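# Summary of structural features
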Amino acid sequence: MPFQHTVSGRVYKFENLRVLLAKASPARSGDQLAGLAAASAEERAAAQLALADVPLKVFLAEPLVPYETDEVTRLIFDSHDHAAFSPLAHLTVGEFRDWLLSVEAGSVELGRLVPGIIPEMAAAVSKIMRLQDLIAVAAKIRVVTRFRNTLGLPGRLSTRLQPNHPSDSPQGIAASIVDGLSLGSGDAVIGINPVTDNPSTVAILLRLVDRIRETWRIPTQSCVLAHVTTQLEALRRGAPVDLIFQSIAGTEAANSSFGINLALLDEAEQAARSLNRGVPGANVMYFETGQGSALSANAHHGLDQQTCEARAYAVARRFHPLLVNTVVGFIGPEYLYDGKQILRAGLEDHFCGKLLGLPMGCDVCYTNHAEADQDDMDALLTLLATAGVNYIMGVPGADDVMLHYQSTSFHDALYVRSLLGLRPAPEFEQWFNEVQAELPRMAAMIEA
Amino acid sequence: MKDLRVFTPARVSLGRAGSGLPTRAHLEFQLAHARARDAVHHPLDAAALALDLAPLGLPVVRTASEAPNRDAYLRNPNAGRTLNAASRESLAALHGHFDAVFLVADGLSALAVHRHAAPLLACLLPSLTGWTLAPIVVAEQARVALGDEVGPALGAAMSVVLIGERPGLSSPDSLGAYLTWSPAPGRTDAERNCISNIRPEGLPYPLAAQRLLYLMNESRRRKLSGVPLKEEAALTPSA
């Protein structure tokens, strides 16, 4: 179906909904790389005006990625709840934005809509929202999850302690864990990216964290972020697996490039659940996403990168994850060129994730080949915290010495918690207050 | 508290100024970032690299991708995945039947390649007895997937791309190795095996060579690479 909008007598035509969404996207290098971006600022504004007039029902009429050949599309359409959608059925994208911003759209109302909203609707409305809109609406939505503690409650900001080491040294990883715990980091998860993707490494590192956690009775959970198949093999060999992690994307072909599909993730969730290591009914999955991953795998089907990203959240929500975060600035300048593009993408991803019912966190980050620096991260961190982000990363000194990029530090979390009066997960906060005086002893255990 | 810095190069035990970093730690970070930014833009000296690789005993051929400069390379990854016309001709002239080709590529850190490619290969090549190896290919403004074009261009059953990784603040010179069985344009990352962070302070040359040798042997034996080919056997970190 074609769309159009007229500006001062000039008619802008958009041949289909994919083209319209791409041209309406705020500027970013990845859409330019894909040849999908608006050719001028006026064309972009015209596309946004045209998009605002599109009825939400149109998104249900025709999948943007073919139903027959894409299991993510099938998941989105087969799990769509028409009854939950009915209050929105008469709205256009523009009216949807107005309603989201209205007083009538409270936490309860937004929560009820979740199964009725598909990712393409969330992406569409985000494209005509300013940063303050993305923040204001996301701040109304709380998504609470549980494993050994409770994440996502109002007034809370959690952190993933990320103690990576360039050669997976257990002592080195333990040192970063101790440093982070002593600064109140690690309530979302203690999550290690291993250098080497093999089941033995996963098992060794999981046992390391488990020993620290049990010795100090820390109400948190652990994860080693190897490929899902590697974690499953470690689990079969008896490793203490709390959460299973996987990077996911918004199309079947992109997921295939990651070596995964929905059936494999089903198997992973069942396996983690069968260990019963968390509270009854605990959330056991951890996912990471990021704009540009589908295009990077040449698996974007002509869709703009932000709409692809929102579709990844449909994959995530099927598995009731404890944690989901966009790794927003990790992918590089060919997708998000500079601090301004990273800033907007981080807030878009958080908004879309929350609107789709996910416990959304964010890896506020950048690489050394992007035009970005610590000032840009301070801005994104502060804005995300005001938007109610569930968690951020905690990396020693903001410098990940294994993955070679900059994320948020233990200090950054202290700054934003102190600034905005935010606190860690309640169980973790209570633990920290009780053991704080004894924590210096933890360092002495590393050599033992 | 005990100084945690003896255990890790990570920025631990930094102290605090209120919630934030003390001035010295803050400014040292800024310096490290400045140096990493400079490393990204440091050009590959292909002639010098070819001289360093010459003693390994294999012919060395110089190539370049279609990205004419660093800015084009950063903005358009596809340009870095395609050989330019002159390079395609050079490789066609060398076409044969090889078990593997080593592609040494600048990637995002020419510094990494200059420092670590030759010493790593010096550790590895003596173990590859019975392998017919293609000439070593040096490539400028190159990405990992350039190996998918170089492999078939030379007639190699496997490509091993040694490439400069994204500079980190404390590691502007980290080398990565990507192995692909039956390289061909369109291969995905799930079809490769990767060993990263090769440098003396990270994964030292002998250990990296051992892991790579294992993967190369297994890949050749099972005729595949990527997710189904897991690293095992004495490859776990020391406790």
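All residue numbers refer to position in the chain's written sequence, counted from 1. As they are written, the chains are lettered A onward and the ligands numbered 1 onward, keeping that order. Given that the model is predicted, a residue must reach a pLDDT of at least 70 before its local features are reported, and side-chain atom pairs must reach 80 or more before they are shown or counted; all residues, however, enter totals for whole chains, interfaces and linings. Computation of side-chain values: all heavy atoms of the structure, hydrogens and water removed.

Residue and element names in this part refer to chain B. Although it is not a glycine, Ser13 adopts a positive phi angle of roughly 55°. A run of DSSP states H or I qualifies as a helix once it reaches four residues; a run of E qualifies as a strand once it reaches two. Both are numbered from the N-terminal end. Among the structural elements, Ser13 can be located in the segment before helix H1 (23-40). In this structure Ser13 comes out as partly exposed when scored by relative accessible area, which is 23%. A positive phi angle, close to 50°, is found at Gln141, a residue other than glycine. As for its position among the elements, Gln141 is in the loop between strand S3 (136-140) and helix H7 (146-154). Exposure categories follow from relative accessible area, calculated using a 1.4 Å probe and restricted to protein chains: below 20% of the type maximum is buried, above 50% is exposed, and the middle band is partly exposed.

Bringing the packing of aromatic side chains into the picture now. A pair of Phe, Tyr and Trp rings is counted when the ring centres sit within 6.5 Å of each other, with Trp represented by its six-membered ring. The angle between the planes then sorts it: under 30 degrees is stacked, over 60 is edge-to-face, the rest tilted. Under the criterion given, the structure shown has 5 aromatic pairs over all chains. Their ring planes at 50° and their centres at 5.2 Å tell us that Phe428(A) and Trp431(A) sit as a pair that is tilted. With Phe428(A) and Trp431(A) both in helix H21 (residues 426-435) and 3 residues apart, this pair spans about one turn of that helix. The exposure class of Phe428(A) is buried, given its relative accessible area of 1%. Residue classification places Trp431(A) among the buried positions, given a relative accessible area of 5%. Ring centres of Trp431(A) and Phe432(A) lie 6.5 Å apart, and the angle between their planes is 50°; on these two criteria the pair is classed as tilted. For the residue pair Trp431(A) and Phe432(A), the accessibility class agrees, reading buried in each case. Each residue in the set Phe428(A), Trp431(A) and Phe432(A) is aromatic and connected to the rest through ring pairs, giving one cluster. The ring of Tyr337(A) has Arg75(B) lying over it, and the distance from NZ or CZ to the ring centre is 3.9 Å. Lysine and arginine charges are scored as sitting over a ring when NZ or CZ, respectively, is within 6 Å of the ring centre and within 35 degrees of the ring normal.

Tallying the contact residues gives 62 residues for chain A and 54 residues for chain B. As a working definition, buried area equals the accessible area (1.4 Å probe) given up by two parts on being put together, with both sides summed. Together, Asn368(A), His404(A) and His411(A) form the three largest contributors to the area buried by chain A at its contact with chain B, with a combined 15%. Salt bridges are identified by distance alone: a Lys or Arg side-chain nitrogen within 4 Å of an Asp or Glu carboxyl oxygen. For the pair chain A and chain B, the number of links is 3 salt bridges. Close ionic contact of Glu371(A) with Arg37(B) constitutes a salt bridge, the shortest N to O distance being 2.8 Å. When residues of the side of chain A that touches chain B are traced back to their parent elements, those giving at least two are helix H11 (170-182), helix H12 (199-215), helix H13 (228-236), helix H14 (252-257), helix H20 (410-420) and helix H22 (440-444) of chain A. The element that contributes the greatest number of residues to the side of chain A that touches chain B is H11(A), accounting for 8 residues. Residues belonging to the side of chain A that touches chain B are distributed by class as follows: 26 nonpolar, 27 polar and 9 charged. A contact between two residues is defined here by any heavy atoms of the two lying within 4.5 Å. Three classes are used, and their members are as follows: Ala, Val, Leu, Ile, Met, Phe, Trp, Tyr, Cys and Pro are nonpolar, Asp, Glu, Lys and Arg are charged, and the others, Gly among them, are polar.

So, on to the environment of Glu109(A). All names here are of chain A. Positionally, Glu109 belongs in helix H8 (residues 107-113). Measuring from C-alpha to C-alpha, the distance between Glu109 and Leu243 comes to 30 Å, with 134 residues separating the pair along the chain. Non-local contacts of Glu109, meaning those with residues more than four positions away in its chain, are made with Trp99 and Glu104. The term polar contact refers here to a pair of N or O atoms within 3.5 Å; inside protein, the definition further demands a hydrogen-donor-capable atom paired with an acceptor-capable atom, and it admits residues adjacent in sequence only when both atoms are side-chain atoms. Within the structure, the side chain of Glu109 is placed 3.0 Å from the backbone nitrogen of Gly106, a separation counted as a polar contact.

Once that is clear, we can look at the nonpolar core. Here, nonpolar core means buried Ala, Val, Leu, Ile, Met, Phe, Trp, Tyr and Cys residues that are tied together by side-chain atoms lying within 4.5 Å of each other. Counting 161 residues, the largest nonpolar core has Leu51(A), Phe59(A), Tyr286(A) and Leu355(A) as its most contacted members. Setting aside its immediate chain neighbours within four residues, Phe59(A) contacts Leu17(A), Leu21(A), Leu51(A), Val54(A), Phe77(A), Val93(A), Ile118(A), Glu120(A), Met121(A) and Ala124(A). Grouped together as the second largest cluster of nonpolar side chains are 40 residues, Leu49(B), Ala110(B), Leu213(B) and Met216(B) included.

This next bit is on the pairing of strand S2 (residues 10-14) of chain A. All names here are of chain A. Whether two strands pair comes down to DSSP finding at least two bridges between them. Summarising the sheet, strand S1 (residues 3-7) and S2 pair through 5 bridges and their orientation is antiparallel. Each residue of the ladder has a partner; that of His5, found in S2, is Tyr12. Here S1 hands over to S2 after 2 residues, with Ser8 in that stretch at a positive phi of 50°.

Residues and elements named next belong to chain A. Within the structure shown, the criterion is met by 39 salt bridges over all chains. The salt bridge partner of Asp242 is Arg277, with a shortest N-O separation of 2.6 Å. Taken together, the positions of Asp242 in the loop between H13 and strand S8 (244-247) and Arg277 in the loop between helix H15 (262-274) and strand S9 (285-289) put the pair 35 residues apart, joining distant regions of the chain. By relative accessible area, Asp242 is classed as buried at 1%. Within the structure, one salt-bridge network assembled from shared partners comprises Arg148, Asp210, Arg213, Glu214, Asp242 and Arg277.

Turning next to the packing of H11(A) against H12(A). Angle between the axes and distance between the axes are the two parameters that describe a pair of packed helices. All names here are of chain A. The angle between two axes is taken between their N-to-C directions and runs from 0 to 180 degrees, where each axis is a line fitted to C-alpha atoms and a helix contributes only its stretch in contact. In the contact formed by H11 and H12, the axes pass within 11 Å of each other and the chain directions differ by 35°. Considering only the axes of H11 and H12, their crossing is right-handed. Contact residues: Pro170, Ile173, Ala174, Ile177 and Leu181 in H11; Ile204, Leu205, Leu208, Val209 and Ile212 in H12. Residues of the contact of H11 with H12, tallied by class, amount to 10 nonpolar, no polar and no charged. Helix crossings are classified by the rotation of the near helix relative to the far one: an anticlockwise turn of less than a right angle makes the crossing left-handed, while a clockwise turn makes it right-handed.

Moving on, we get to the state of the cysteines. Residue and element names in this part refer to chain A. Cysteine sulfur atoms that pair up within 2.5 Å are treated as a disulfide. A full pass over the atoms with the stated rule returns 0 disulfides over all chains. Cys362 takes part in no disulfide bond, and the closest cysteine sulfur to it belongs to Cys365, at a distance of 7.0 Å. On the accessibility criterion, Cys362 (0% relative accessible area) is buried.

Moving on to helix H17 (residues 305-318) of chain A. Residues and elements named next belong to chain A. Here a helix's expected span is defined as the number of its residues, less one, multiplied by 1.5 Å. Here H17 contains 14 residues, and its C-alpha end-to-end distance of 21 Å stays within 8% of the 20 Å for a straight helix at 1.5 Å per residue. For H17, the buried fraction is high: 12 of the 14 residues fall into the buried class. For H17, the capping residue at the N-terminal end is Asp304, with a side-chain oxygen 3.1 Å from the backbone nitrogen of Gln306. The positive-phi residue at the C-terminal boundary of H17 is His320, with phi of around 45°.

Bringing the pairing of strand S10 (residues 323-326) of chain A into the picture now. Residue and element names in this part refer to chain A. Alternating positions in S10 separate into two faces, Leu323 and Asn325 on one and Val324 and Thr326 on the other, with burial throughout. Two elements, S9 and S10, share 4 bridges in a ladder whose sense is parallel. Among the inter-strand pairings, Tyr286 is bridged to a residue of S10, identified as Leu323. The sheet contact formed by S10 and strand S11 (residues 360-362) spans 3 bridges and is parallel.

Quick look at helix H10 (residues 131-138) of chain A now. Three or four residues apart is the spacing at which side chains of an α-helix point the same way, because the helix has 3.6 residues per turn. Residues of H10(A) that are buried include every one of Asp133(A), Leu134(A), Ile135(A), Val137(A) and Ala138(A), and no others. Taken together, the buried residues of H10(A) touch helix H7 (93-101), H8, helix H9 (119-127), helix H18 (339-355) and helix H19 (374-386) of chain A.

Now for the sheet that holds S3(B). Residues and elements named next belong to chain B. Taken together, the 6 strands give an open sheet; going across it, the order is S1-S3-S2-S4-S5-S6, and neighbouring strands pair in mixed fashion. The two strands at the open ends of the sheet, each matched to only one other strand, are strand S1 (60-64) and strand S6 (192-198). Sheet twist, expressed as the average angle between the axes of neighbouring strands with direction ignored, equals 20°. For strand S2 (residues 101-105) and S3, the ladder comprises 3 bridges, and the chain directions are parallel.

Geometric values such as these leave the question of function open.
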